[in-house]
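Coordinates in review
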Amino acid sequence: MSNVRFAFVLHNHQPVGNFDGVFEAAFQESYLPFLEVIEEFEDIPISLHTSGSLLEWLVAHKPEYIDRVRELVGRGQVEILGGGFYEPIMTMIPSRDRQGQIRGYSDYLEHLFEQKIRGMWIPERVWEASLVSDIVSSEIEFTVLDDFHFRKAGVPPETLTGYFTTEDDGSVLGVFPGSEPMRYMIPFHEIDHVLGHLRHVGEQRDDALVVFADDGEKFGSWPGTYDHVYKYGWIRRFLEALRENRDWLTPCTLGQAFDELEPRGGVYLPAASYREMTEWALPTDRRPEYEQLRTELEHSGRGDQANDFLHGGFWRNFKAKYPETRDMYARMMEVSRRLNDICVRNPSALADHRLYEARRELFRGQCNCPYWHGSFGGLYLPHLRGAVYGHLINADNQLDAFERGARAEYAEVAAADFNFDGKPEVRLFSDRLVAMFTPHDGGHLYGLDVRAIATALGAAVARRPEPYHQKIREGLSAHSGDGLQAKQEGLDRCLIYDDHQRHSLIERFLEAPVDADHLRLGEFQELGEFSTGDYRYATSRSGESVLLTMSHTGRLGARSVTVGKTITLTAGSSDLAIRYRLSDLPLERPAHFAVEFNIAALAGGADDRYYRDAQGTRLGRLDEHVDLDATLGIDLVDEWLGIEAMIRGSESARVAAYPVQSVSQSEGGYELVHQAACVVPTWTIPAGTGEWEVELVMTFDVSRAEKSGRIDSLDAQPSSATT
């Protein structure tokens, strides 16, 4: 048997915006104990990638850990891998940002660890050939992907025991295939089984290299792994086995292998990621077909061929599968474009601290985790989604401060295809608020930013089917399940799906007023199609205010009814004013006109997040149901965030409010996640009323945040992250 090289590559990551307690738990359960063990094996080198969001936390909270890693780097035991600073999906961001993230992180790492950065980690191994030029231009020599990518290019699995070269536009990059079998064996199989696989590789190929490249969190943070890896000593026994078999097994870093081995050949890899990601990217209604086909091929004994040639979906289709991802992506791209335009127009201002802050906040807003969904919450985790939006809002605030001055009061309006759906949207924006509208799809308010506290109140997520919901329907309880457990009882009763996105200013004519629970369940009869109609629109200016006027004429029974709404945003004001005018209403019967608001970012499940009526009486938490027979308004208060979102009307309405909650999957199990608070005022318009009007004002009071010191004043823009 020839010598076998083994590269142990760890990827440690915590997303931007994750809870401090999660960082701390992962440190105690995974990062620290692994470091303590590897320090004892000076002759076992590893390659280590730590995402920038995690590394910044470690620098701030665990400087002694950084010192210990630096010592291992100094003695040649640890090779530091670079990558995008804040773990973006590289194919999702512009070329200029790819290079900025990679170069910026390499500079940071080289300063911190005093080691030249030669290799990089590709977040989620999402790959497209066009990345090569940007990676090489950023002075990276090699990277690591999954062997899945190579098999999809037709490379025989038995040859995936080294590294290959790939090229784009004349740039050449080294690419290592990470072993999927090793990814599933380590650290779950017995040591002899792992060694047996390595021996088999050595018997098949001279001078072979096997690469294990996977998440560091599986060594302690994944459910059940801490005891297995550390208490019962799996990792120590594995490292001892590597040491004891040095006569035929040589541990190495990727850099050492790159220097010592010749490439196995050249390859052009297709667009891919790891196998599971391609499955998650498929449309939900096509997943059963794909899984059935895989199962049939495996049962027929053709599973290996299935692995070689059967391919799931394409990562970019997460932006089609989840419109909320597309909207967040579009906001990120708009901030990137705006920053780039400013820099192109003002090259001498590149060193300005506001542009530096804007760029850093943009890069944080490109962290990949909430842009997709698979075996963990991702898109469905409000704190991750809110963090990304918060950093993008902060970046925009810094750009405003550069262009207009920190205390400028203004209001502007613009129309363009802001969310890349091929149709125009309208943006009203001021020094206080940003409001985004979809005239072509119900005239909805789909984006709503409160700039002073960098909070996206419009970033709600709809309840939709997911493949794992079927497991819950089939009887998963809090005490059973195939590997994952429900974190609470009754999740099967919470599998409720929306037929619309969770926007605001969604107008409906109802057969009759509906209470909160029936609205939550979708058990109501809607008349007409005003909630989805194509609204004509026009924009205008009046003094310090900008206006958007929209109208739609549709059938309501035998009548053609027109719904008109005018939204006004004024410079220096935290109010968004909405005026409805209904024309040609049926005369023979009352009309029940409802407007749906979905307010995200305000958490449920805490006593300091609650509803309040117009008289100031507390009504209940934001994850509870509220029904008011007649009121002029309702408030949503989040004392921790420091905001009061108030909705006031000129006419008394029946108001129903309920929580929008999705059932999502994470590594720890299935759980109910609060996505938004839905508030629906309904007005009963008497028979014989042909024309009717109502005025609504949404006010966003952040004085609580000001008093708490979270923001300096209502006129000041934040200069750093608030999430």
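Everything quoted here is computed from the prediction, not taken from an experiment.

Here we look at the overall build of the protein chain
Check the secondary structure of the protein chain and you find 21 helices and 27 strands. Here the C-alpha atoms of the protein chain give a radius of gyration of 28 Å, agreeing with the 27 Å that 2.2 N^0.38 yields for 723 residues. Projected onto its principal axes, the C-alpha coordinates of the protein chain cover approximately 95 × 60 × 45 Å. On the protein chain, roughly 27,400 Å² of surface is accessible, and the fraction owed to carbon and sulfur atoms is 48%. Charge centroids of the protein chain, computed over 73 positive and 113 negative side chains, lie 2 Å from each other.

Remarks on the environment of Gly-669
Structurally, Gly-669 can be placed in strand E26 (residues 669-685). Exposure remark for Gly-669: the relative accessible area of 0% places this residue in the buried category. Separated by 182 residues in the primary sequence, Gly-669 and Lys-487 place their C-alpha atoms 6.2 Å from one another.

Digging into the side chain of Ser-574
Inspection of the secondary structure assignment puts Ser-574 in the loop between strand E19 (559-570) and strand E20 (575-583). Engagement of the side chain of Ser-574 in a polar contact is seen with the side chain of Arg-432, the distance being 3.2 Å. Contact partners of Ser-574, with chain neighbours within four places excluded, come to Arg-432, Leu-433, Met-698, Thr-699 and Phe-700.

Points about the packing of aromatic side chains
Applying the stated rule across the entire model yields 39 aromatic pairs. Arranged with centres 5.3 Å apart and planes meeting at 40°, the rings of Phe-85 and Tyr-108 form a pair that is tilted. With a gap of 23 residues between them, Phe-85 in the loop between strand E3 (78-81) and helix H4 (95-113) and Tyr-108 in helix H4 connect regions that are remote in the sequence. Look at Tyr-468 and Tyr-670: their rings are 5.8 Å apart centre to centre, the planes differ by 35°, and that puts the pair in the tilted class.

Some points on empty space enclosed by the protein
The final tally for this structure, using the stated rule, is eight cavities of 30 Å³ or more. There is about 150 Å³ of room inside the largest cavity. As for the largest cavity, its lining consists of 16 residues, and the residues nearest its centre are Asp-327, Tyr-389, Tyr-446, Gly-458 and Ala-459. Elements that contribute at least two residues to the lining of the largest cavity include exactly helix H16 (323-345), helix H18 (382-404) and strand E13 (444-450). Top element by residues in the lining of the largest cavity is E13. It accounts for four residues. Taken together, the residues of the lining of the largest cavity break down into six nonpolar, four polar and six charged. Size it by volume and the second largest cavity reaches roughly 120 Å³. Forming the walls of the second largest cavity are 15 residues, and the residues nearest its centre are Leu-10, Phe-34, Leu-35, Leu-48 and Tyr-65. Ranked by residues supplied to the lining of the second largest cavity, first place goes to helix H1 (residues 20-38) with five residues. Its residues placed into classes, the lining of the second largest cavity shows 12 nonpolar, three polar and no charged.

Considerations on the layout of surface pockets
As a volume, the second largest pocket reaches approximately 530 Å³. Looking at the second largest pocket, it is lined by 20 residues, and the ones nearest its centre are Asp-147, Pro-157, Glu-158, Pro-181 and His-197. If you list the elements that add at least two residues to the lining of the second largest pocket, you get helix H6 (147-152), strand E7 (171-178), helix H7 (180-185), helix H8 (191-204), strand E8 (208-215) and helix H14 (303-309). When residues in the lining of the second largest pocket are grouped by element, the largest group, four residues, is from H8. The class makeup of the residues in the lining of the second largest pocket is seven nonpolar, seven polar and six charged.

With respect to the sheet that holds E7
Taken in spatial order, the four strands make up an open sheet running E4-E5-E7-E6, and their pairing is mixed. Two strands close off the open sheet at either side, each with one partner strand: strand E4 (119-121) and strand E6 (164-168). Averaged over all neighbouring strand pairs, the angle between strand axes comes to 40°, with direction disregarded. Bridge count for E6 against E7 is five bridges, and the pairing is antiparallel. In the sheet register, Thr-166 faces E7, and the bridge partner there is Leu-173.

Considering the pairing of E3
The alternating pattern of E3 places Val-78 and Ile-80 and Glu-79 and Leu-81 on opposite faces, both of which are buried. Summarising the sheet, strand E2 (residues 46-50) and E3 pair through four bridges and their orientation is parallel. Paired with Ile-46 across the strands is Val-78, a residue of E3.

Regarding the confidence of the model for the protein chain
Model confidence for the protein chain is summarised by a mean pLDDT of 93, while 97% of its residues fall at 70 or above. Across residues 713-723, confidence stays below pLDDT 50; counting only partners more than four residues off in sequence or on other chains, it has 36 contacts.

Re unusual backbone geometry
Residue Pro-187 is reached from Ile-186 by a cis peptide bond, and omega for that bond is 0°. Residue position: Pro-187 is located in the loop between H7 and H8. With a phi close to 60°, Glu-87 is a non-glycine residue in the positive phi region. Looking at the element boundaries, Glu-87 is found in the loop between E3 and H4. With phi around 55°, Asp-169 is a residue other than glycine that occupies positive phi space. Relative to the helices and strands, Asp-169 is located in the loop between E6 and E7. Residue class for Asp-169 comes out exposed when judged on its relative accessible area of 71%.

The rules behind each value
- Residues numbered from 1 in each chain as written.
- Predicted model: local features only at pLDDT ≥ 70, side-chain atom pairs only at ≥ 80, totals over all residues.
- Heavy atoms only, no water.
- Helix = DSSP H or I, 4+ residues; strand = E, 2+ residues; numbered from the N terminus.
- Rg over C-alpha atoms; globule rule 2.2 N^0.38 Å.
- Areas by Shrake-Rupley, 256 points an atom, 1.4 Å probe, with all protein chains shown as cover.
- Lys, Arg positive; Asp, Glu negative; His and termini not counted.
- Charge placed at Lys NZ, Arg CZ, Asp CG, Glu CD.
- Buried < 20%, exposed > 50% of the residue type's maximum accessible area, 1.4 Å probe, protein only.
- Polar contact = N/O pair within 3.5 Å; in protein donor to acceptor, adjacent residues only side chain to side chain.
- Contact = heavy atoms within 4.5 Å.
- Phe/Tyr/Trp six-rings, centres within 6.5 Å; stacked < 30°, edge-to-face > 60°.
- 1 Å grid on protein atoms, 1.4 Å probe; cavity = no way out; pocket = protein on both sides within 12 Å on 5 of 7 lines; lining within 4 Å.
- Points joined across faces, edges and corners; volume = space filled by probe spheres on them.
- Nonpolar A, V, L, I, M, F, W, Y, C, P; charged D, E, K, R; others polar.
- Pairing = 2+ DSSP bridges.
- Axes fitted to C-alpha atoms, helices over the stretch in contact; angles between N-to-C directions.
- pLDDT = per-residue confidence, 0-100.

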